[in-house]
Structure formats: C-alpha cells, structure tokens
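An overview of the molecular structure
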Amino acid sequence: MSLVNLGVNTDSLGAWMRAQGLGGGVIEDVSTLAGGTQNILLRFAMDGRTFVFRRPPLHPRANSNETMRREARVLRALAGSEVPHPALIAACDDEEVLGCAFYLMEPVDGFNPIGQLPEPHASSPAMRHAMGLALVDGIAALGRVNYRAVGLEGFGRPEGFLDRQVSRWRDQLASYADFVEWPGASALPDVGAVGAWLDAHRPGAFIPGIMHGDYHLANVMYRRDSADLAAIVDWELATIGDPLLDLGWVLATWPDGDGASTVSVTPWDGFPTPAELIARYVEGSARNLSAVDWYHVLACYKLGILLEGTFARACAGKAPRDVGDRLHGRAIHLFERAARLIR
C-alpha cells in the first residue's frame, strides 16, 4: 500500500525510525485504521514489530501539529499509570521530516463498542454492565493522576477553567450567525435559561486534573475477551481542567429515560443506569460530586452547541444537509435534557 496519497513519505519515515533505533529494515504491511474524525492513523511493520502511526489530516487546521505534540505529551505522561492508553513509542516534533508532527504508538488489541457488539459481549448483559462501569473507571483513574508529577505542568489553564466555560460556548453559538439561513439560537429550546442556570450554580472550587475532553464510548477500546478497557484513545482535546466534566460528558452521551443518545451500541440492555455510573465514579475518586448535575448540564450545553455548529454550516451549504439536520435534532434533545435537569 502506498503512503504517498496519505501524506507519508515512506523513505523519510523509515530513515527517521532507523535514526531513533526503532529498526533497520523497511516499512511493510501497511493498513489504514479508523480513529478520530480527520487525523490519519496507519498500522505497519518494521523488522517484525508492529507500529501504529498518527499524523494530522492532509489539509491540517492551524493547530493540527501542536495537537499531535500535545497528544504525544499526554501519552508519554501516562506511561506506567493505571489509565488504559496506547503506549507511546516515539514522537517527532520536527515538521521537516514528513511535513508535519507525528508519533508512533503500540497497537491496541481490542475493539470499539459503537455499533454491533462482538461476542461474547453481545450475548451477556452482565458483561455489558461491567463495560459501563469500566468506562467510568477509566476517567476515575485519569482524574487520580497528579498532572504536575507526570510532567504536565503548563499543559492547560486550570485557573478560572469553570468560569470560562459558559461564556466560551455562548460566544461559539453566537458566531454561527455568520452562516446564512441558520435560524438562530432560538431554534434550541431553553438555551438561554440553561446558560443562565449554569452561571448561577457554578461550583465554587474544583481540584484540577487531566481531562480527556471528549470522553464517551466512541473514544475507548475494550478487550476482546472481557469487559475491561483496553485503551482510551483520541486524546486531541486533552487538557488540564476539571476532570468531573469528563464524567458529565459520559452522562450527556448516555441514554436516559427518554432513550435518546448520541452514542449507538447494540444491544444496549444491561448497561448501567446514569445513577450507577455516578456511584461507580464515587468509588474510585475523592472528588466532591455534590454538583454532578451541573457537570451533566454543562456537557449537554457544550455538546449541543458543538453539534449545532454542523447544522449551521449545513444551512449555508458547507456541510451535508442530512447530517446537519440529524445533529440539530440531537442538539435539541440535549437542551431538552438539560432543561429537565435544571427544573
């Protein structure tokens, strides 16, 4: 398989790897992997060892190379921790090698649960229940890592992190007015009331820690023969902030009594209830969860506004209309859920 159309010069990559002492042969057995929405993920072998390669998209955003560097930094910091993650092999910050920053990691033997579950998970409600608990165990373990001790001082701006959230996303929503034909924020029920409630009920303090930033079932891999997490993946939004927002993100993407969700796993019966997820997190964390509903509502607010952005672009002909309409429906659902929580 040629890597040229994926923005990877095999000769340059091989030379860099040999200089790093990672092998002396040639790159072979190349295949593409799914991972993230745009970043390029490849699997290949050299001298009988398998590597997973990750680089920014062919048409990178302004911060794509810095995102690669940050991802690699997080994976390096997590080495030896209780957090399931792909082990970092090496990272290249020098954009001259391939025209971008990139890194290599160990392959993960596991599967992503979105869609139809494989066996034995598909036939065992008890295993699916344990999968849900393991999902929460992953972020509880992440929240226990001392970010300063593992070299992540300065990785984020924890000071005022919660204070910035609502205004940041309110401004994001307002920016969609630049897309013609977008009906405006009034198309989202209770958006103003939800934002006002979040401002009025913001927790007064929190313990800073490592956040994944986009934590849900689509961004983890499970072991093939158990309910344990094999790895948490896609660390591009990781930062230092309030780890309880990762729990809020799980709750916001989790099916509730209304049955609607932003994740799709089949079969679903057996997975824990939101209350069981919260109780499990308490077992693995010393954090104060008295304001857990606030984090749930904030996650609904943030995710709803993110999804509405695709709808706004679709209204202007810059994204597929069917996708935009579908995500607009999910955004409405998230604000309806948030409104129920604040009442």
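For every chain, the first residue of the written sequence is number 1, and numbering continues from 1 along that sequence. Only residues with pLDDT of at least 70 are given local features in this predicted model, and only at 80 or more are side-chain atom pairs given and counted; all residues enter the totals for whole chains, interfaces and linings. Water and hydrogen atoms were dropped before computing side-chain values, which therefore reflect all heavy atoms in the structure.

1. A short note on the side chain of Arg 287
Where we set the bar: Helix numbering and strand numbering both begin at the N terminus, where a helix is a DSSP run of H or I of at least 4 residues and a strand a DSSP run of E of at least 2. Working definition: with a 1.4 Å probe on protein chains only, accessible area under 20% of the residue-type maximum means buried, over 50% means exposed, and in between means partly exposed. For the purpose of charge, His is not counted, nor are the chain termini; Lys and Arg are scored as positive and Asp and Glu as negative. For salt bridges, the criterion is a side-chain nitrogen of Lys or Arg within 4 Å of an Asp or Glu carboxyl oxygen. A 3.5 Å cut-off defines polar contacts: any pair of N or O atoms within that distance qualifies, except that in protein one atom must be a possible hydrogen donor and the other a possible acceptor, and neighbouring residues in sequence count only when both atoms are side-chain atoms. Contacts are assigned to residue pairs with any non-hydrogen atoms lying within 4.5 Å of each other.
You can see Arg 287 is positioned in the loop between α7 (274-283) and α8 (292-315). Here Arg 287 is buried and forms no salt bridge, its nearest opposite-charge partner Asp 242 lying at an N-O distance of 4.7 Å. Within the local environment of Arg 287, its side chain forms a polar contact with the backbone oxygen of Gly 143, the two atoms lying 2.9 Å apart. Not counting residues within four places of it along the chain, the set of residues in contact with Arg 287 comprises Gly 143, Ile 207, Pro 208, Gly 209, Pro 243, Leu 244 and Tyr 281.

2. A look at the sheet that holds strand β2 (residues 40-46)
Formally: DSSP calls a pair of strands paired once it identifies at least 2 bridges connecting them. In this analysis, axes come from line fits to C-alpha atoms, helices being fitted only over the stretch in contact, and the angle between any two N-to-C directions falls in the range 0 to 180 degrees.
Within the open sheet, the 5 strands sit side by side as β1-β2-β3-β5-β4. Their pairing is antiparallel. Strands at the two margins of the open sheet, each flanked by one partner only, are β1 (28-32) and β4 (88-92). The average angle at which neighbouring strand axes cross in this sheet is 20°, direction not considered. Here β1 runs beside β2; their pairing, made up of 3 bridges, is antiparallel. If you follow Glu 28 over to β2, its bridge partner there is Ala 45. Relative to the sheet, helix α1 (residues 10-19) contacts β2, β3 (49-55), β4 and β5 (102-105), its axis offset from that of β2 by approximately 60°.

3. Re unusual backbone geometry
Backbone phi values are negative for most residues with the exception of glycine, while trans is the configuration of most peptide bonds. A cis amide bond links Glu 119 to the next residue, Pro 120, at an omega of 5°. Residue Pro 267 is bonded to the preceding Thr 266 through a cis peptide linkage, with omega at -5°. If you trace the backbone, Pro 267 turns up in the loop between β11 (265-266) and α7. In this model, Asp 29 sits at a positive phi of 55°, which is unusual for a non-glycine residue. Note on placement: Asp 29 falls in strand β1. Among the residues examined, Asp 29 registers a relative accessible area of 63% and is labelled exposed. Phi angles above zero are rare outside glycine, and Asp 47 is one such case at about 55°.

4. As for the pairing of β5
In β5, alternate side chains face the same way, and those of Phe 102 and Leu 104 on one face and Tyr 103 and Met 105 on the other are all buried. Here β3 pairs with β5 via 3 bridges, running antiparallel. Considered in β5, the bridge of Val 52 is made with Met 105. Relative to β5, β4 is paired through 4 bridges, and the arrangement is antiparallel. Looking across to β5, one finds that Ala 91 is bridged to Tyr 103.

5. Considerations on the pattern of salt bridges
Within this structure, the stated rule accounts for 16 salt bridges. Residue Arg 343 pairs with Asp 190 through a salt bridge whose shortest N-O separation is 3.5 Å. A residue pair is termed long-range when its members are at least 10 positions apart, and Arg 343 in the segment after α9 (321-342) and Asp 190 in the loop between α4 (161-175) and α5 (191-200) qualify at 153 residues. Salt bridges sharing partners connect three or more residues here, namely Arg 54, Glu 71, Asp 234 and Glu 236.

6. Looking at the packing of aromatic side chains
Applicable threshold: Within 6.5 Å between ring centres, the rings of Phe, Tyr and Trp (the latter by its six-membered ring) count as paired, and their orientation is classed by plane angle as stacked under 30 degrees, edge-to-face over 60, tilted in between. The rule for a charge over a ring is simple: NZ of Lys or CZ of Arg within 6 Å of the ring centre, and within 35 degrees of the ring normal.
Taken as a whole, this structure holds 11 aromatic pairs when the rule is applied. When the ring of Phe 44 is compared with that of Phe 51, the centres are 5.7 Å apart and the planes differ by 20°; the resulting orientation is stacked. Aromatic side chains Trp 254 and Trp 268 sit 4.9 Å apart centroid to centroid with 65° between the ring planes, which places their arrangement in the edge-to-face category. Note that Trp 254 is positioned in the loop between α6 (244-252) and β11 and Trp 268 in the loop between β11 and α7, a separation of 14 residues in sequence. With relative accessibility at 1%, the residue Trp 254 sits in the buried group. The ring centre of Phe 155 lies 3.8 Å from the NZ or CZ of Arg 70, which sits over that ring.

7. Considerations on the environment of Ala 286
Among the structural elements, Ala 286 can be located in the loop between α7 and α8. Classification of Ala 286 by relative accessible area gives exposed; the value is 81%. Along the backbone, Ala 286 and His 59 are 227 residues apart, and their C-alpha atoms lie at a distance of 43 Å.

8. Overview of the packing of helix α3 (residues 125-144) against α7
What counts, and what does not: An angle below 35 degrees is read as roughly parallel, one above 145 as roughly antiparallel, one from 65 to 115 as roughly perpendicular, and any other as oblique. Crossing handedness follows the turn of the near helix against the far one: under a right angle anticlockwise gives a left-handed crossing, and clockwise gives a right-handed one. When residues are sorted by character, Ala, Val, Leu, Ile, Met, Phe, Trp, Tyr, Cys and Pro go into the nonpolar class, Asp, Glu, Lys and Arg into the charged class, and all the rest, Gly among them, into the polar class.
Where α3 contacts α7, the two axes come as close as 9 Å, and the packing angle between them is 45°. The angle between the axes of α3 and α7 places the two elements in the oblique class. The handedness of the crossing between α3 and α7 comes out as right-handed. Across the interface between the two elements, His 129, Gly 132, Leu 133, Val 136, Asp 137, Ile 139 and Ala 140 of α3 pack against Glu 276, Leu 277, Arg 280 and Tyr 281 of α7. Grouping the amino acids of the contact of α3 with α7 by side-chain chemistry returns 6 nonpolar, 2 polar and 3 charged.

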